[in-house]
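Coordinate inspection notes
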Amino acid sequence: MVESPRKYRVFLVDDHELVRRGLRDLLSTADDLEVVGEAATVAEAGVGIAATKPDVAVLDVRLPDGNGVELCRSVRSAQPSVHCLMLTSYADDDALLAAVLAGASGFVLKQILGHNLIAAVRTVGAGGSLLDDRSTAALLARLRDGEPSDPLARLTGQEREVFTLIGQGMTNRQIADRMFLAEKTIKNYVSRILSKLDMQRRTQVAVLATELRERER
C-alpha cells in the first residue's frame, strides 16, 4: 500500500482580500497543501493561528495594525512548531534581516512564480529554510551536530563584537556609534568577517549569530 504524502496545513495573512484569495486558489491546486485559515490583520492572525495550529504561516510583511516580522516573532515564541514564510512586494534587506532574527524560515517576493511559491511552502512546512545558501547551511549543520571547534576562531576580538551586533539587527551606522568607530571602519570589519566565515551576505552572518545565541541558552 502506497502512503499518501503528508499534507501541510497553511494559514494566510495579508490585508488584501484578492491576494489571499489568489494564494488560496493557488495553494489548493497542490494535493499536499491545505489552507486552514486566513486573516487580514496581526490581531486576527494571532487568534486564527493559535486556533488552527498550521504547519506554515504565510505572512505579509506590511499589515494595517503592525507588521509580519513582529507577528512571526510572537508566533514562533508561542508556537515553535509553526514555520513562517514571509511574503512581500519589495526586496528589502532590512526586512530580510529582521525576518531572520524573528525566526522566519523563508522570505519571498509576491512576484514569485506560482509553482515556486508552492515549493517554498513545502520546503518550509518540512522544516527547511530558504534563507541559507550551501556554505551557511553546512556551517550550521556542523554546529547542530555539536562540532567542538569554534566557528568564530578566526575572528579578532573587535570582529567578534561586530559579529554579535550584526546578530542583534544593528546597521553599520549603529554599530559604528556603539563602538565609537567610523562607519567605513565597520564596513571593512564586515567585509573581513564575511571573508573569514566564507559567506557572501550580511544576512548569513545574522543567521549564524542567531544560531549561536540559541545554542547558548
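Residues numbered from 1 in each chain as written. Predicted model: local features only at pLDDT ≥ 70, side-chain atom pairs only at ≥ 80, totals over all residues. Heavy atoms only, no water.

1. Remarks on the nonpolar core
To keep things clear, this is the line we draw: In this text, buried Ala, Val, Leu, Ile, Met, Phe, Trp, Tyr and Cys residues form a nonpolar core when linked through side-chain atoms within 4.5 Å. Working definition: with a 1.4 Å probe on protein chains only, accessible area under 20% of the residue-type maximum means buried, over 50% means exposed, and in between means partly exposed. Here a strand is any run of E in DSSP of at least two residues, a helix any run of H or I of at least four, and the numbering for each starts at the N terminus. A contact between two residues is defined here by any heavy atoms of the two lying within 4.5 Å.
Membership of the largest hydrophobic core comes to 25 residues, with the highest contact counts inside it found for Val13, Ile49, Leu59, Leu71, Cys72 and Met86. Among the secondary structure elements, those contributing two or more residues to this core are strand E1 (8-13), helix H2 (42-52), strand E3 (56-60), helix H3 (68-78), strand E6 (83-88), helix H4 (93-102) and helix H10 (202-216). Counting residues per element, this core draws most heavily on H4, which supplies five residues. Setting aside its immediate chain neighbours within four residues, Val13 contacts Ala39, Thr41, Ala45, Val58, Leu59, Asp60, Leu63 and Leu71.

2. Let's talk about unusual backbone geometry
A positive phi angle, close to 50°, is found at Lys53, a residue other than glycine. Its place among the elements puts Lys53 in the loop between H2 and E3. Its identity is not glycine, yet Phe180 carries a phi of approximately 60°, on the positive side. With respect to the helices and strands, the residue Phe180 is situated in the loop between helix H8 (172-179) and helix H9 (183-196). Relative accessible area serves as the criterion here: at 75%, Phe180 is assigned to the exposed category.

3. What to know about the environment of Ser191
Secondary-structure assignment places Ser191 in helix H9. Judged by its relative accessible area of 45%, Ser191 is partly exposed. A sequence separation of eleven residues divides Ser191 from Arg202, and the C-alpha atoms of the two residues are 9.0 Å apart.

4. Details of the environment of Arg154
Mapped onto the fold, Arg154 is located in the loop between helix H6 (134-144) and helix H7 (157-167). Taking the relative accessible area as the measure of exposure, Arg154 reaches 59% and is therefore exposed. As for Arg154 and Lys196, which are separated by 42 residues in sequence, their C-alpha atoms are 6.7 Å apart. Ignoring sequence-local partners within four residues, the contact set of Arg154 consists of Glu159 and Lys196.

5. So, the sheet that holds strand E7 (residues 106-109)
In plain terms, the rule: Strand pairing is defined by DSSP finding a minimum of two bridges between the two strands. An axis is simply a line fitted to the C-alpha atoms; with a helix, the fit covers only the stretch in contact. Between two such axes, the angle follows the N-to-C directions and lies from 0 to 180 degrees.
A sheet is described by the order of its strands in space; here five strands give the open sequence E2-E1-E3-E6-E7, paired in parallel fashion. In this open sheet, the two strands that pair with only one neighbour each are strand E2 (33-39) and E7. When the angles between neighbouring strand axes are averaged without regard to direction, this sheet yields 25°. As paired strands, E1 and E2 are joined by six bridges and run parallel to one another. In the sheet register, Leu12 faces E2, and the bridge partner there is Glu38. Packing against the sheet, helix H1 (residues 17-27) makes contact with E1, E2 and E6, and its axis sits at approximately 165° to E2.

6. A few points about the UniProt feature "modified residue: 4-aspartylphosphate" (unreviewed entry) in the protein chain
This is how it is decided: UniProt positions are given in the numbering used here, feature names are shortened, and annotations may be inferred rather than shown by experiment.
Mapped onto this structure's residue numbering, the UniProt feature "modified residue: 4-aspartylphosphate" (unreviewed entry) falls at Asp60. Structurally, Asp60 can be placed in strand E3. A relative accessible area of 6% means that Asp60 is categorised as buried. Not counting residues within four places of it along the chain, the set of residues in contact with Asp60 comprises Val13, Asp14, Asp15, Gly68, Leu87, Thr88 and Lys110.

7. A closer look at the pattern of salt bridges
Convention followed: Salt bridge, as applied in this entry: a Lys or Arg side-chain nitrogen positioned within 4 Å of an Asp or Glu carboxyl oxygen.
Applying the stated criterion across every chain, the model contains eleven salt bridges. What you see here is one network of salt bridges that share partners, running through Asp14, Asp60 and Lys110.

8. Some thoughts on the side chain of His83
In this fold, His83 is placed in strand E6. Accessibility expressed as a relative area gives 18% for His83, which makes it buried. If near-sequence neighbours (up to four positions away) are discounted, His83 is found in contact with Asp55, Val56, Ala57, Arg76, Ser105, Val124, Gly125 and Gly127.

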